[in-house]
Amino acid sequence: MREIVAALIDALGPDAVRHQPEDVRVYAYDGYRSGDALPAAAILPNDTKDVARAIGICREHGEPIVARGSGTGLCGAAVPQHGGVVISFARMNRVLAIDTRRRRARVQPGLLNARLSEQTKALGLFYAPDPSSQKISSIGGNVGTNAGGPHCLSYGVTTNNVLGLEFVTNEGEVLRCHQDAPGYDLTGVIVGSEGTLAVVTEIEVKLRRLPEETRVFLAVYDSVEAASESVSEIIGHGLLPTALEMMDRVMIRAVEEAFHAGYPQDAAAVLLVEVAGSREGTDDAERAIARIAKDAGALTWRAARTQAERDALWAARKGAAGAIGRLAPNYYIQDATVPRTRLPEALRAVEAIAAEHGLIVANVFHAGDGNLHPLLLFDRRDPRSVEAVVRAGTEILKQCIGLGGTISGEHGIGYEKREALPLVFSASDLAAMVKLRDTFDPRQLFNPGKIFPSGASCHEVQPSLARTGGTP
Ligand SMILES: Cc1cc2nc3c(=O)[nH]c(=O)nc-3n(C[C@H](O)[C@H](O)[C@H](O)COP(=O)(O)OP(=O)(O)OC[C@H]3O[C@@H](n4cnc5c(N)ncnc54)[C@H](O)[C@@H]3O)c2cc1C
């Protein structure tokens, strides 16, 4: 047994340490890829003290430390690329306190996102960031990637909903930061840092009052352009639905076949629109948005009449990635943003790039945020299709940058996009970020090999794609 494993067992007890190859293998992948190395151990701490002790031991042994939520990330951020010790938060998964009056909750990082709103519903409150993975992804992981979701259009992404953190430094010291405190906004720095700056052990989040009224509509189009036009017109008129999601023909068919939620299979595109607030406010918003959508070319505008219908439309939207399994053995989900007004151009470019590479593409995305998610379908057993997907994915990113967008809307950089970072940041921008990372973690033990380019070229990424599961 390796010395570090013995030290971890000594400090945390045998029940909290996994080290056999067959046990640690499940910690060596995420939703994007499986890693090149197995971790020496995966630990399951019960509390912050366990985390601090384990980090102290890793530091003594010079072993990398990779925090892990549910492993649903789509950029390889939770993959222990250089081995080391994985800290799984599966056991630190409780709601610690709910302050109804101040509308705040304190939670442990392993809490699954959807569980928080389930627990606060009876109090008339909810937690807003709702990644489509919310039933399985953890709030700690959401903090790691600064996750977004359909409702982030009006409520903001994770960083806009996190008030404070407890975290362990790479020296094993337990610290707290809070947005209410004066000085630097360390909470903002740590959210989205993908486990490279600190290991988060507690999170204080904002809760919001459940709206009096929520309505969901389906606008149906005969072209993706007309649907995109509606999106920029709606927001351009100063209207802010709580969600504004788009799906194209390929995606609608897959979703409808899987969920039977009532999406029209002959449509070229649909917009799923949600408005929420006071009864009068939602009446006004519905009238205004429906008029704009029709003016921009919506063929029909249909309201979900019952809660069951609303839930079905949402369940199908949030299950879209899974539904794609009906069409192809593998998909690669790209994540990039463009200014909303450039959506029609961006979608035309995505279509053209996929066609050029002989790939089928399905689009489902947060249209209101200009956050594209083209899913490129492929079969990883066919090296040519893997190659085509890699090329098409890179070309899509470059097109989005050319349209004034950027390389990630919400999935993060991780391992997948680290070589693409210089496409949007200058050498001095990157140097400033590295300095910040080194201030928190001078020995680079926290999640090494992530976010920052290796200095090598993109071709390094390519062979790794052939080994992946659901996505390259
Ligand atoms: C079907 C599907 C749909 C998805 N939809 C969305 C979506 O709508 N929006 C979206 O943003 N993402 C989406 N994702 C991606 C993914 O779910 C998110 O990135 C999510 O935030 C990852 O959470 P996790 O618990 O799985 O974290 P992991 O994948 O385990 O980790 C993610 C990162 O956070 C770090 N981390 C985890 N815990 C901690 C901690 N305690 N302290 C410090 N760092 C930590 C990890 O080191 C890693 O860098 C989707 C994924 C799938 C599979």
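For every chain, the first residue of the written sequence is number 1, and numbering continues from 1 onward in sequence order. Only residues with pLDDT of at least 70 get local features here, since the model is predicted, and only at 80 or more are side-chain atom pairs given and counted; chain-wide, interface and lining totals rely on the full set of residues. Side-chain measures here rest on the full set of heavy atoms in the structure, leaving out hydrogens and waters.

Participant: Which parts of the structure should I look at to understand the overall build of the protein chain?
Facilitator: Starting at the N terminus, helices and strands are each numbered in turn, a helix being any DSSP run of H or I of at least four residues and a strand any DSSP run of E of at least two. When helices and strands are counted, the protein chain shows 16 helices and 20 strands. The globule rule is 2.2 Å times the number of residues to the power 0.38, and the radius of gyration it is compared with is taken over C-alpha atoms. Taking 23 Å as the expected radius of gyration for a compact globule of 472 residues, we find that the protein chain reaches 22 Å, a close match to that expectation. Expressed as lengths along the three principal axes of its C-alpha atoms, the size of the protein chain is roughly 65 × 55 × 40 Å. Burial here depends on accessible area, computed with a 1.4 Å probe over protein chains only, as a share of the maximum for the residue type. Under 20% is buried, over 50% is exposed, and the range in between is partly exposed. The buried share among the 472 residues of the protein chain stands at 54%. Within the protein chain, contacts between residues separated by at least 24 positions form 72% of all contacts whose residues are at least 6 apart in sequence. Note on areas: Shrake-Rupley, 1.4 Å probe, and residue coverage restricted to the protein chains presented here. Surface exposure of the protein chain reaches about 19400 Å², of which carbon and sulfur atoms provide 50%. In this tally, Asp and Glu contribute negative charge and Lys and Arg positive charge; neither His nor the terminal groups of the chain are included. In plain terms, the charge of a residue is placed at NZ if it is Lys, CZ if Arg, CG if Asp and CD if Glu. When the 50 positive and 57 negative side-chain charges of the protein chain are each reduced to one mean point, those points stand 3 Å apart. Whether two residues are in contact is decided by their heavy atoms: any pair within 4.5 Å suffices.

Participant: Would you mind going over the nonpolar core with me for this structure?
Facilitator: Inside soluble globular proteins, nonpolar side chains tend to come together where they are buried. Among buried residues, the Ala, Val, Leu, Ile, Met, Phe, Trp, Tyr and Cys ones that are joined through side-chain atoms within 4.5 Å form a nonpolar core. Within the largest apolar cluster, 57 residues are counted, with the highest numbers of intra-cluster contacts made by Tyr 221, Leu 271 and Leu 376. Counting residues per element, this core draws most heavily on helix α14 (residues 383-402), which supplies 8 residues. Where a domain begins and ends is set by an automatic assignment or by a domain database. Here this core gathers at least three residues from each of two domains, domain 2 (213-322) and domain 3 (324-465). Ranked by size, the runner-up nonpolar core spans 28 residues in total, among them Val 270, Trp 314, Tyr 331 and Leu 375.

Participant: Would you take a moment to explain the sheet that holds strand β5 (residues 95-99) for this structure?
Facilitator: Strands belonging to one sheet form pairs held by backbone hydrogen bonds; the direction of such a pair is parallel or antiparallel. One open sheet accounts for 5 strands, arranged β5-β6-β10-β8-β9; its pairing is antiparallel. Where the open sheet ends on each side, the last strands, each with one partner, are β5 and β9 (174-178). Sheet twist, expressed as the average angle between the axes of neighbouring strands with direction ignored, equals 15 degrees. Whether two strands pair comes down to DSSP finding at least two bridges between them. Where strand β8 (residues 162-168) lies against β9, 5 bridges are found, and the strand directions are antiparallel. When the bridges of β9 are listed, Gly 164 appears paired with His 178. Along the sheet, helix α3 (residues 48-61) makes contact with β8, β9 and β10 (199-206), crossing β8 at roughly 50 degrees. Interaxial angles span 0 to 180 degrees and are taken between N-to-C directions of axes, which are lines fitted to C-alpha atoms, for helices over the stretch in contact. Across the face of the sheet, helix α4 (residues 113-120) comes into contact with β5, β6 (104-107) and β10 while running at roughly 45 degrees to β5.

Participant: What's the story with the pattern of salt bridges in this structure? I'm lost.
Facilitator: A side chain with one charge can pair with a side chain of the opposite charge if their charged atoms come near. The term salt bridge refers to a side-chain nitrogen of Lys or Arg lying within 4 Å of a carboxyl oxygen of Asp or Glu. Summed over all chains, the structure comprises 29 salt bridges. With its nearest N and O atoms 2.8 Å apart, the salt bridge here joins Asp 130 to Lys 318. On the criterion of sequence distance, the pair formed by Asp 130 in the loop between β7 (125-126) and α5 (139-145) and Lys 318 in helix α11 (residues 307-318) is long-range, its members being 188 residues apart. Given a relative accessible area of 4%, Asp 130 falls into the buried group. Taken together, the salt bridges that share partners define one network made up of Glu 212, Glu 213, Arg 215, Arg 279, Asp 283 and Glu 286.

Participant: Help me understand the environment of Val 174 in this model?
Facilitator: Take Val 174: it is sitting in strand β9. The class of Val 174 is partly exposed, set by a relative accessible area of 39%. Beyond its immediate stretch of four places on either side in the chain, Val 174 contacts Thr 48, Ala 52, Glu 166, Phe 167 and Val 168.

Participant: Would you explain the sheet that holds strand β3 (residues 65-68) in this entry?
Facilitator: Pairing is mixed in the open sheet, where 4 strands are placed in the order β1-β2-β4-β3. Each end of this open sheet is capped by a strand with a single partner; those strands are β1 (17-18) and β3. Here strand β2 (residues 41-43) runs beside strand β4 (residues 85-88); their pairing, made up of 3 bridges, is parallel. Looking across to β4, one finds that Ala 42 is bridged to Val 86. Sitting on the sheet, α3 is in contact with β2, β3 and β4, with an inclination near 170 degrees to β4.

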